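Tertiary structure, described
Each chain, written out:
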Amino acid sequence: NGLFAMLTSKHTNVPLITSLHGNDVQQFPHNSIVQRHILISALKHSKIVTANSKALLEQAREFYSNFNGVVIPSPIEMEDFDFKEKYEYTIPYIFSVGRFEYKKGFDVLIKSFQYVPEGLNLLIAGRGSDFKKCQELIKSLKLEHRVKLLGYQSRIDILKLYNGCEFFVLPARHAPCDRTLLEAMSANKAVIASNVDGVPEIIK
């Protein structure tokens, strides 16, 4: 997308604005020299570079520092949280949601949960490349009766899960600006999160 946008900008004289959201800085430039060059070129030729956190802008400056950067936090739909129906579950539960991939840290959360006393379960919603690994981890720790991987959930069910949980956990290894924290707080839930990237810009 960055290469296409730069070529279009050059041939149409339309100013280039680059928006950074996470993997475009934290993952792609480390995959290959080509992707690294595309990022640097995009930063260099952009009239403005936006990012969803100060932390992500600073990480981008490690590749090319001389650009005009602006933070635009990830938005959420506040009216969604007028919905108060709760997820039907018989045991009090902690909730987490996201793509199942290494940077989301769900394996860390599952390993930690083995030290949580009985009487509280863990529900995680989402799909991704690490889904099976997390299933196997749960089995190896003998937590099948307490940790439930819910897979993909509709927006309505996600809202119900927020509303019904005891509190929300974001165990991420990287999180430029995770909107799930904002959503959990909008559902009047306490949150626990990793002290990484843009998370301290949202909670202390």
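Reference entry: report on the structure contained in this document. (Residues numbered from 1 in each chain as written. Predicted model: local features only at pLDDT ≥ 70, side-chain atom pairs only at ≥ 80, totals over all residues. Heavy atoms only, no water.)

Quick look at the pattern of salt bridges
Inspection of every chain in the model, using the stated rule, returns 11 salt bridges. The partner of D157 in a salt bridge is K160, and the shortest N-O contact between them spans 4.0 Å. Residue D157 and its partner K160 are located together in helix 8 (residues 155-164), separated by three residues, close to a single helical turn. You can call K160 buried: its relative accessible area is 17%. Sharing partners across several salt bridges, the network here consists of D80, R155, R179 and E183. (Salt bridge = Lys/Arg side-chain N within 4 Å of Asp/Glu carboxyl O. Helix = DSSP H or I, 4+ residues; strand = E, 2+ residues; numbered from the N terminus. Buried < 20%, exposed > 50% of the residue type's maximum accessible area, 1.4 Å probe, protein only.)

What about unusual backbone geometry?
Of note in the backbone geometry, N13 takes a positive phi value of approximately 60 degrees without being a glycine. Counting through the fold element by element, N13 comes out in the loop between helix 1 (2-12) and strand 1 (17-20). Its relative accessible area of 68% is what places N13 among the exposed residues. For K142, which is not glycine, the phi dihedral falls at a positive 60 degrees.

A look at the sheet that holds strand 8 (residues 191-193)
Spatially, five strands are ordered 6-5-4-7-8 in an open sheet, and the strand pairing comes out parallel. Each edge of the open sheet is held by one strand with a lone partner, namely strand 6 (147-151) and strand 8. Strand-to-strand twist in this sheet, taken as the mean axis angle between neighbours without regard to direction, amounts to 25 degrees. The pairing of strand 5 (residues 121-125) with strand 6 spans four bridges and is parallel. (Pairing = 2+ DSSP bridges. Axes fitted to C-alpha atoms, helices over the stretch in contact; angles between N-to-C directions.)

So, the nonpolar core
Note that soluble globular proteins tend to have their nonpolar side chains buried in a common cluster. Core analysis: the biggest nonpolar cluster contains 22 residues, and F95, Y162 and F168 have the highest contact counts within it. When residues in this core are grouped by element, the largest group, four residues, is from helix 8. Aside from chain neighbours lying at most four places away, what touches Y162 is F81, F95, V97, F168, T180, E183, A184, A187 and K189. Counting 17 residues, the second largest nonpolar core, distinct from the first, contains I94, F100, L137 and I138. (Core = buried A, V, L, I, M, F, W, Y, C linked by side-chain atoms within 4.5 Å. Contact = heavy atoms within 4.5 Å.)

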